[in-house]
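One letter stands for each residue in the lines below.
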Amino acid sequence: MRIAFTKMHGLGNDFVVLDTRENAMPAMGADTVRALADRTRGIGCDQLIVLENDAQATVRMRIYNADGGEVEACGNAARAIGLLLKERATIATAGGLIATQPDAKGIAVDMGEPRFDWDAIPLAYPMDTAAMPVGWDVLERPLAVNVGNPHVIFFVDDADAVPLETLGAQIETDPLFPDRINVNVASVADRQTLHLRVWERGVGLTRACGTGACATAVAAMRSGLTEREVTVHLPGGPLFITWGEDNRITMTGPATEAFRGSFDWGDYA
Ligand SMILES: N[C@H](CCC[C@H](N)C(=O)O)C(=O)O
């Protein structure tokens with residue numbers, strides 16, 4: 001069976017998008033996800049995105065990390081699907097309903113409301129998520145935010161100086177995080193500007209993380225470090241985040257279609 005795909009990215013966080021709304025496809029197992037995401041043997045991506053019909057939204061978006069795990073949210077992919085849909089759209093995800101619309105800066109996404117309670121992150125036991133009394137090597141006293149998916153955020157003087165390629169894996173799988181965690185290391189340049197690097201759950205270091213930018217911006221605002229509208233500079237480029245008085249997060253930034261292709265399902269299933 002030939003399956004068509006669209007290769008897309010948001011600031012270099014890249015996706016293989018399979019649209020099953022008109023062309024049914026066999027169920028996607030973790031092994032198939034891993035094979036398709038493999039950068040030497042497969043197409044290669046950080047996340048695999050499967051679009052399905054949905055009764056309440058324009059489309060349902062299912063998100064699979066490169067390790068094969070299905071997760072609740074993906075901000076950069078939301079902008080990519082917003083680009084594909086062209087008009088204003090609603091996207092149903094396991095992490096909630098989000099909305100996209102074209103914008104002068106690319107695609108604007110209403111990412112919904114952040115959650116801060118320890119059991120909403122989730123953490124393994126009660127803790128103040130605004131100043132967690134934990135640490136790993138040079139990283140300590142983080143915050144935690146759930147923006148559809150779970151994030152821990154460390155503010156440091158120089159994000160580039162942190163050995164995130166080693167600490168990321170250690171923190172991601174710490175028993176404090178029963179669903180594992182996305183690890184964000186950020187520096188505050190001024191009250192409107194953050195620099196951010198992300199170790200993504202189920203992937204590793206990525207060029208950008210949309211939900212990470214949202215979670216880190218909200219954590220900075222919650223701590224009084226920045227205004228409620230910031231630019232977050234990631235290795236792949238900038239995202240623009242606002243946390244409105246209505247408690248909803250808006251993320252705006254580019255999305256790109258790189259190429260289209262097809263593969264034989266039998267080669268990957
Ligand atoms: N690794 C994330 C999913 C993708 C998030 C990131 N690609 C984004 O743009 O938000 C997780 O396991 O929650």
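Calculation notes
Residues numbered from 1 in each chain as written. Predicted model: local features only at pLDDT ≥ 70, side-chain atom pairs only at ≥ 80, totals over all residues. Heavy atoms only, no water. Near = heavy atom within 4 Å. Polar contact = N/O pair within 3.5 Å; in protein donor to acceptor, adjacent residues only side chain to side chain. Areas by Shrake-Rupley, 256 points an atom, 1.4 Å probe, with all protein chains shown as cover. Helix = DSSP H or I, 4+ residues; strand = E, 2+ residues; numbered from the N terminus. Nonpolar A, V, L, I, M, F, W, Y, C, P; charged D, E, K, R; others polar. Domains from an automatic or database assignment. Contact = heavy atoms within 4.5 Å. Salt bridge = Lys/Arg side-chain N within 4 Å of Asp/Glu carboxyl O. UniProt positions renumbered as here; feature names shortened; annotations may be inferred. 1 Å grid on protein atoms, 1.4 Å probe; cavity = no way out; pocket = protein on both sides within 12 Å on 5 of 7 lines; lining within 4 Å. Buried < 20%, exposed > 50% of the residue type's maximum accessible area, 1.4 Å probe, protein only.

This paragraph deals with the site of the ligand. Surveying the vicinity of the ligand reveals 15 residues, the closest of which are N65, G75, E200, R201 and T211. Between the ligand and N182 there is a distance of 2.9 Å, counted from an oxygen atom to a side-chain nitrogen or oxygen. Contact between the ligand and G210: an oxygen atom at 2.8 Å from a main-chain N or O atom of the residue. For the ligand, the protein covers 100% of the area, taking 360 Å² as the surface of the free molecule. Only α2 (75-85) and α4 (210-222) provide two or more residues apiece to the shell around the ligand. Partitioning the shell around the ligand into residue classes produces four nonpolar, nine polar and two charged.

Let's shift gears to the domain arrangement of the protein. In terms of domains, the protein is made up of domain 1 (2-110 + 254-267) and domain 2 (114-247). Computed over C-alpha atoms, the centres of domain 1 and domain 2 are 23 Å apart. Counting residues at the interface gives 19 residues for domain 1, matched by 21 residues for domain 2. The tally of links between domain 1 and domain 2 comes to two salt bridges.

Listed under "binding site: substrate" (unreviewed entry) in the UniProt record, and renumbered for this structure, are N13, Q47, N65, G75, N76, N149, N182, E200, R201, G210 and T211. The annotated residues that sit in the lining of the largest cavity are N13, Q47, N65, G75, N149, N182, E200, R201, G210 and T211. Position of N65 relative to the elements: it lies in strand β4 (residues 59-65). Sequence-distant contacts of N65, defined by excluding residues within four places in its chain, comprise V33, D46, Q47, V71, E200, R201, G202 and V203. One can find G210 in helix α4. When its relative accessible area of 2% is taken as the criterion, G210 is described as buried. Ignoring anything within four residues of it in the chain, the contact list for G210 reads G75, N76, L239 and M251.

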